[in-house]
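Below are the chains, spelled out letter by letter.
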Amino acid sequence: MKASGPGCTCGVTLVLLSLLAVLHATTAQKNDISIYSFTVDSKVSSRFAHTVVTSRVVNRAETVQEATFQVELPKRAFITNFSMIIEGVTYPGNIKEKAAAQEQYSAAVARGESAGLVKATGRKTEQFQVSVNVAPAAKVTFELVYEELLKRQLGVYELLLKVQPQQLVKHLQMDIHIFEPQGISFLETESTFMTSELANALTISQNKTKAHIQFKPQKTAGQLDKVLGGNFIVRYDVNRTLSGGSIQIENGYFVHYFAPEGLPTIPKNVIFVIDKSGSMSGRKIQQTREALIKILDDLKPNDQFNLISFSGDVTHWKPLLVPASPENVGQAKRYAANIEAQGGTNINNAMLTAVRLLQSANQKELLSDGSVSLIILLTDGDPTVGETSPARIQKNVQKAIDGQYSLFCLGFGFDVSYVFLEKLALDNGGLARRIYEDSDSALQLQDFYQEVANPLLTAVNFEYPDNAVDKVSQDNFRLLFKGSEIVVVGKLRDQSPDVLSAKVRGQLHMQNITFQTESSVAEQEKEFQSPKYIFHSFMERLWAYLTIQQLLEQMVSASGAEKQALETRALNLSLSYSFVTPLTSMVVTKPEGEQRSEVAEKPVETSHHSFSRFPPVGDTMHRKTAGPSRRIPSDPWRDGLRGPPNAPLYPLYLTPREPDMMLAPSIPGEVLQGEDLRARDVAPARAPAVASDPVTGRLWEKKASGNSTDLSQRAKATSSPALIQAPPVILMLPGQSVNRLCVDIKHSQGPMKLLSDPDQGIEVTGQYETEKAQFSWIEVTLKNLQLQVRASPEHVVVTQNRRNSAYKWKEMLFSMMPGLNMTMDKTGLLLLSSADKVTVGLLPWDGPGEGLRLLLRDTDRFSSHVNGTLGQFYQDVLWGPPTEADDSKRTLRVQGRDYSATRLVKLDYQEGSPGTEISCWSVEL
């Protein structure tokens, strides 16, 4: 990430939410199709993003070649335009009603050709792809435009672009312009292809309301010598006030953003309904148990809760809701840890049981006044036991809830009937979310819970003067949660007042509350006159976009004439504003001699996969295989070539706090060599692994007999690198340059406080498994940033402000945020560093003694208050004299406690696999 400009008060956030554009360009064999320019231009005006992706290619072969253009865009985005320019002729995409595009589509299918240009490809993305034949020496320009309203989740907006041209590009450039009249409160960037060599290709300029982020590597600077590929992310938020409202006006339209600050959280009554049918067995139920245990820890003392698990039968943990006391939470966690999966799926009875529990508590006046009641259902399959008709289950649940409670449905995997869960949730004031089967499924569950864990207001209603506004979008909402935002848009009347006023009414825990906001029409119109940051009539397009989204959502719960009326409105708006929605298609015309046209349609979440909910008549089978038969981009963290790794980690050096108190043992004939890594601009010379004879250059180790052994000869004769272990921790001794302390942990019970420095705001804890001789997890807490990094052998999870981000080991990461830099290279070395702070490193070691390893840099920055199992070695350290029989053994006294230190050969993991043999003082803890 890149820190924002001076004068900005910034926070740190690491969550991927709203906007993901994955930009691909696949080339013909032998690079006959050459991409000579690839640009991305994204303008974000008041959260509404307008992104233009342009790729220019040339055929350098002597024969006709096929050029393919691919872009992955967010599922919530609507394509608004596409065109190809070939030999000066423009071939545009025309957006039509689905029925009007049926002829072209059916003809393509009849010829056995792939007709769908858009398909779902990931958790948040769908892929647009089109191919065209290019004559020798001819050029083609592809341009795709899409738009999306960035949704605030857990306190952040996110714009994420993935660039992967798969070849060297002469001109590669990204420009992101952001304009937020409320003021930008923080701004960050993150990349998975950035390296220190590319850092100066990224520039960020920012003032109170505007920001410009540009990435423009230069071939002349050697920055484009390697293929770039990976994620580029921008995250930001805006300033908030207690009134919580901001009304912005442009070209006769207004948008009202509402997210008040400083409101207390409303107590909640929550029932977790967990599917434990046979299909949940294995990893699914394991991750569900893990997530439940974490979620239960987050319950507030004034919350009430219960757990229901179901398969063919339904079981509730307690007969009534219980307070979230430490004792009850502890019991619930033990119950959750023992949930096993087997049997069928009786969703109907499970849901009705949950509703009866809430009704019973309400009748007995056990629910606190003004509290919010939520039901959270997690299931991975269709109903198979009891009532199995989805329609009847939906009717039963809606009748039982009767508008009193909110239902949220989580569909685990792709075997679940997502349309059924979506309607079930929307019928009852909630929403549905798919949980993807992956290593981070438990984190997905936790993140969803965090979104609904802190209700702030209920019964939120927006009121505007009748003589001032027209065509207002949805203006009443059941709940507002902390970290989210409600958006209302509308059109001003021709004779509207000079000042637009609004009232937002809602209910707090025990009282009604009204927020009032006013906005001058003339002043607001003037705000949006900067053509560099604003695209034409953006607020009118935002109004159309949000209205269409809400109409499509309302259609899920509607039926009959009401559904038809909603569909007609949504279709007319889609056509008027040229949006590719589930109701429209874009016909892409090609040059004569090729397939004359292809059709781009909007995929929609359905029962088992993200295929269109509105397929052309008679073509449901074809839609499941539609799309080019090319390689689909895989996991965005695994795809693509990476840039060069970050600089390797070299030995660390301590500056002694009290030199007269530290007497370091020495070895006769040893020559101390090394470089201080704090001289960041100078490439450090590598220190010798062990003592070096200044004449012969041989490496020596002191033996217990006092004699020296030629390690280079011993290594040839007797030593096998596989037999030498890498200690879990290597520390530099205070005041020394090559004397290292290799720490072996032989006794560990439960989590260990490895080090803590309150002055630095750093705390490191870990769980060491003595049987496996490795850390099962290491957790770094940066208290000043309210940020936590938890590493396990599986992945790294970064948590801040209730948001989780999971990173797989050995993936490139170059993050710069206010107060912290976080980088990871191909070896998996993760470094957390900031100015005037100790640098903490984490590494997944797969050599001898595999497991997590801990590294420390800049340890001279520790304060005098550092402590902990490892931190103690950065306090007063005294060496005892060598023993008479063996000068390779010493006593190390630390804060009044004696440790035996033995000079041994160990494997240094600090520069990555396969490691280097070093001589160090080994201490057992």
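Located above this text is the structure these notes cover.
Let us look at the structure shown here. (Residues numbered from 1 in each chain as written. Predicted model: local features only at pLDDT ≥ 70, side-chain atom pairs only at ≥ 80, totals over all residues. Heavy atoms only, no water.)

**A short note on the overall build of the protein chain**
Part 1 of the reasoning: When you go through the protein chain residue by residue, the secondary structure sums to twelve helices and 52 strands.
Part 2 of the reasoning: In the protein chain, which comprises 925 residues, the share counted as buried stands at 59%.
Part 3 of the reasoning: Long-range contacts, defined as pairs at least 24 residues apart, comprise 69% of the intrachain contacts of the protein chain with a sequence gap of at least 6.
Part 4 of the reasoning: Carbon and sulfur atoms make up 49% of the accessible area of the protein chain, which totals about 36800 Å². (Helix = DSSP H or I, 4+ residues; strand = E, 2+ residues; numbered from the N terminus. Buried < 20%, exposed > 50% of the residue type's maximum accessible area, 1.4 Å probe, protein only. Contact = heavy atoms within 4.5 Å. Areas by Shrake-Rupley, 256 points an atom, 1.4 Å probe, with all protein chains shown as cover.)

**Things to note about the sheet that holds strand S26 (residues 469–470)**
Part 1 of the reasoning: Pairing in this open sheet of four strands is antiparallel, and the strands run S16-S17-S28-S26 from one edge to the other. A strand with exactly one partner marks an edge of an open sheet, and here the two such strands are strand S16 (245–250) and S26.
Part 2 of the reasoning: Of the strands in this sheet, S16, strand S17 (253–258) and strand S28 (486–492) touch helix H9 (residues 538–557), which is tilted by about 60° from S17. (Pairing = 2+ DSSP bridges. Axes fitted to C-alpha atoms, helices over the stretch in contact; angles between N-to-C directions.)

**Concerning the pairing of strand S52 (residues 916–924)**
On a regular strand, one side chain projects to one face of the sheet and the next to the other, so that they alternate.
Part 1 of the reasoning: When strand S37 (residues 740–744) meets S52, the two strands line up parallel, connected through four bridges. Following the sheet pairing, Leu 741 is matched in S52 by Trp 921.

**Considering unusual backbone geometry**
Part 1 of the reasoning: Positive phi outside glycine occurs at Ser 46, with the angle close to 50°.
Part 2 of the reasoning: Relative to the elements of secondary structure, Ser 46 occurs in the loop between strand S2 (33–45) and strand S3 (48–59).
Part 3 of the reasoning: Of note in the backbone geometry, Glu 365 takes a positive phi value of approximately 55° without being a glycine.
Part 4 of the reasoning: Under the relative-accessibility criterion, Glu 365 is labelled exposed at 71%.

**With respect to helix H7 (residues 441–452)**
Part 1 of the reasoning: Taking 1.5 Å as the rise per residue, H7 with twelve residues should run 16 Å; its terminal C-alpha atoms sit 18 Å apart, in good agreement.
Part 2 of the reasoning: Counted residue by residue, H7 has twelve buried out of twelve residues, so it is predominantly covered.
Part 3 of the reasoning: Of all the positions in H7, only Ser 441, Ala 442, Leu 443, Gln 444, Leu 445, Gln 446, Asp 447, Phe 448, Tyr 449, Gln 450, Glu 451 and Val 452 are classed as buried. (Expected span 1.5 Å × (residues − 1).)

**Focus on the sheet that holds strand S27 (residues 476–481)**
Part 1 of the reasoning: One open sheet accounts for four strands, arranged S27-S25-S29-S30; its pairing is antiparallel. Every other strand in the sheet has two partners, leaving S27 and strand S30 (512–520) as the edge strands with one partner each. Adjacent strand axes in the sheet meet at a mean angle of 30° when their direction is disregarded.
Part 2 of the reasoning: With five bridges joining them, strand S25 (residues 455–463) and S27 adopt antiparallel strand pairing. Within the sheet, the bridge partner assigned to Thr 458 lies in S27 and is Leu 479.

**Considering the state of the cysteines**
Part 1 of the reasoning: Here the structure, examined in full by the defined rule, presents one disulfide.
Part 2 of the reasoning: Each sulfur in the disulfide pair Cys 742 and Cys 920 lies 2.1 Å from the other. Across the S-S bond of Cys 742 and Cys 920 the torsion is about -120°, and the bridge reads as left-handed. Residue Cys 742 is located in strand S37, and its partner Cys 920 is located in strand S52; the two are separated by 178 residues in the primary sequence.
Part 3 of the reasoning: Relative accessible area serves as the criterion here: at 0%, Cys 742 is assigned to the buried category.
Part 4 of the reasoning: On the basis of relative accessible area, Cys 920 is assigned to the buried category, the value being 0%. (Disulfide = S-S within 2.5 Å.)

**Observations concerning the packing of helix H5 (residues 390–401) against helix H6 (residues 418–426)**
Part 1 of the reasoning: Here H5 crosses H6 at 15°, and the two axes come no closer than 10 Å. The angle between H5 and H6 falls in the class roughly parallel. With respect to the hand of their crossing, H5 and H6 are arranged in right-handed fashion. Between H5, through Pro 390, Ile 393, Gln 394 and Val 397, and H6, the contact on the second element is made entirely by Phe 420, Lys 423 and Leu 424.
Part 2 of the reasoning: Here the contact of H5 with H6 is built from residues that sort into five nonpolar, one polar and one charged. (Parallel < 35°, antiparallel > 145°, perpendicular 65-115°, else oblique. Left-handed = near helix turned anticlockwise from the far one by under 90°. Nonpolar A, V, L, I, M, F, W, Y, C, P; charged D, E, K, R; others polar.)

**A word on helix H10 (residues 560–576)**
One turn of an α-helix holds 3.6 residues; hence residues three or four places apart share an orientation.
Part 1 of the reasoning: Here H10 is 17 residues long and its end C-alpha atoms lie 25 Å apart, about the 24 Å a rise of 1.5 Å per residue gives.
Part 2 of the reasoning: Within the sequence span of H10, burial applies to Leu 566, Ala 570, Leu 571, Leu 573 and Ser 574. Projected down its long axis, H10 shows its buried positions confined to an angular sector of 165°, all on one face. Turned more than 90 degrees off the buried face of H10, the exposed positions are Ala 561 and Ser 576.
Part 3 of the reasoning: Looking at the buried residues of H10, the elements they touch are strand S6 (89–97), H9 and strand S31 (584–589).
Part 4 of the reasoning: Just beyond H10, the residue with positive phi is Ser 578, at close to 55°. (Arc of directions from axis to C-beta.)

**Re the nonpolar core**
Part 1 of the reasoning: In this structure, Phe 82, Phe 128, Phe 142, Ile 178, Ile 213 and Phe 215 are the most contacted members of the largest nonpolar core, which totals 62 residues.
Part 2 of the reasoning: The next biggest cluster of nonpolar side chains, apart from the first, holds 50 residues, and it includes Val 798, Met 822, Leu 842 and Tyr 899. (Core = buried A, V, L, I, M, F, W, Y, C linked by side-chain atoms within 4.5 Å.)

**Quick word on the packing of helix H2 (residues 283–297) against helix H3 (residues 326–337)**
Part 1 of the reasoning: Between H2 and H3, the least distance of the axes is 9 Å, while the angle of their chain directions is 175°. Considered as vectors, H2 and H3 are oriented roughly antiparallel to each other. Facing H2, whose interface residues are Arg 289, Leu 292, Ile 293, Leu 296 and Asp 297, H3 presents Val 329, Ala 332, Lys 333, Ala 336 and Ala 337.
Part 2 of the reasoning: Classifying every residue of the contact of H2 with H3 gives seven nonpolar, no polar and three charged.

**Considering the environment of Val 64**
Part 1 of the reasoning: Within the fold, Val 64 resides in the loop between S3 and strand S4 (65–74).
Part 2 of the reasoning: Residues Val 64 and Val 134, spaced 70 residues apart in sequence, show a C-alpha to C-alpha distance of 5.5 Å.
Part 3 of the reasoning: Apart from residues no more than four positions distant in its own chain, Val 64 is found in contact with Asn 59, Asn 133, Val 134, Ala 135 and Pro 136.

**Re the side chain of Arg 235**
Part 1 of the reasoning: You can see Arg 235 is positioned in strand S15 (residues 230–238).
Part 2 of the reasoning: Only 3.2 Å separates the side chain of Arg 235 from the side chain of Glu 190, close enough to count as a polar contact. (Polar contact = N/O pair within 3.5 Å; in protein donor to acceptor, adjacent residues only side chain to side chain.)

**Regarding the pairing of strand S39 (residues 762–769)**
Part 1 of the reasoning: Burial analysis of S39 places six of its eight residues in the buried class, which makes it a mostly covered element.
Part 2 of the reasoning: Two strands pair when backbone bridges link them, and strand S38 (residues 752–757) and S39 are joined in this way by five bridges, in the antiparallel orientation. From the neighbouring strand, Lys 753 faces S39, where its bridge partner is Thr 765.
Part 3 of the reasoning: Relative to strand S40 (residues 774–782), S39 runs antiparallel, the two sharing eight bridges. Residue pairing for S40: Glu 769 is matched across the bridge by Gln 774.
Part 4 of the reasoning: The loop that links S39 with its antiparallel partner S40 comprises four residues; one of these, Ala 773, has a positive phi angle of about 55°.

**Observations regarding the pattern of salt bridges**
Part 1 of the reasoning: Applying the stated criterion across every chain yields a total of 26 salt bridges.
Part 2 of the reasoning: Between Asp 297 and Lys 333 there is a salt bridge, and its shortest N-O distance comes to 3.0 Å. Highlighted residues: Asp 297 in helix H2 and Lys 333 in helix H3, separated in sequence by 36 residues.
Part 3 of the reasoning: Residue Asp 297 is classed as partly exposed on the basis of its relative accessible area, which comes to 46%.
Part 4 of the reasoning: The residue Arg 790 makes a salt bridge to Glu 779 at a minimum N-O spacing of 2.8 Å. Residue Arg 790 is located in strand S41 (residues 787–791), and its partner Glu 779 is located in strand S40; the two are separated by eleven residues in the primary sequence.
Part 5 of the reasoning: The class for Glu 779 is buried, based on a relative accessible area of 12%. (Salt bridge = Lys/Arg side-chain N within 4 Å of Asp/Glu carboxyl O.)

In short, the description is geometric, and any link to function would need to be established separately.
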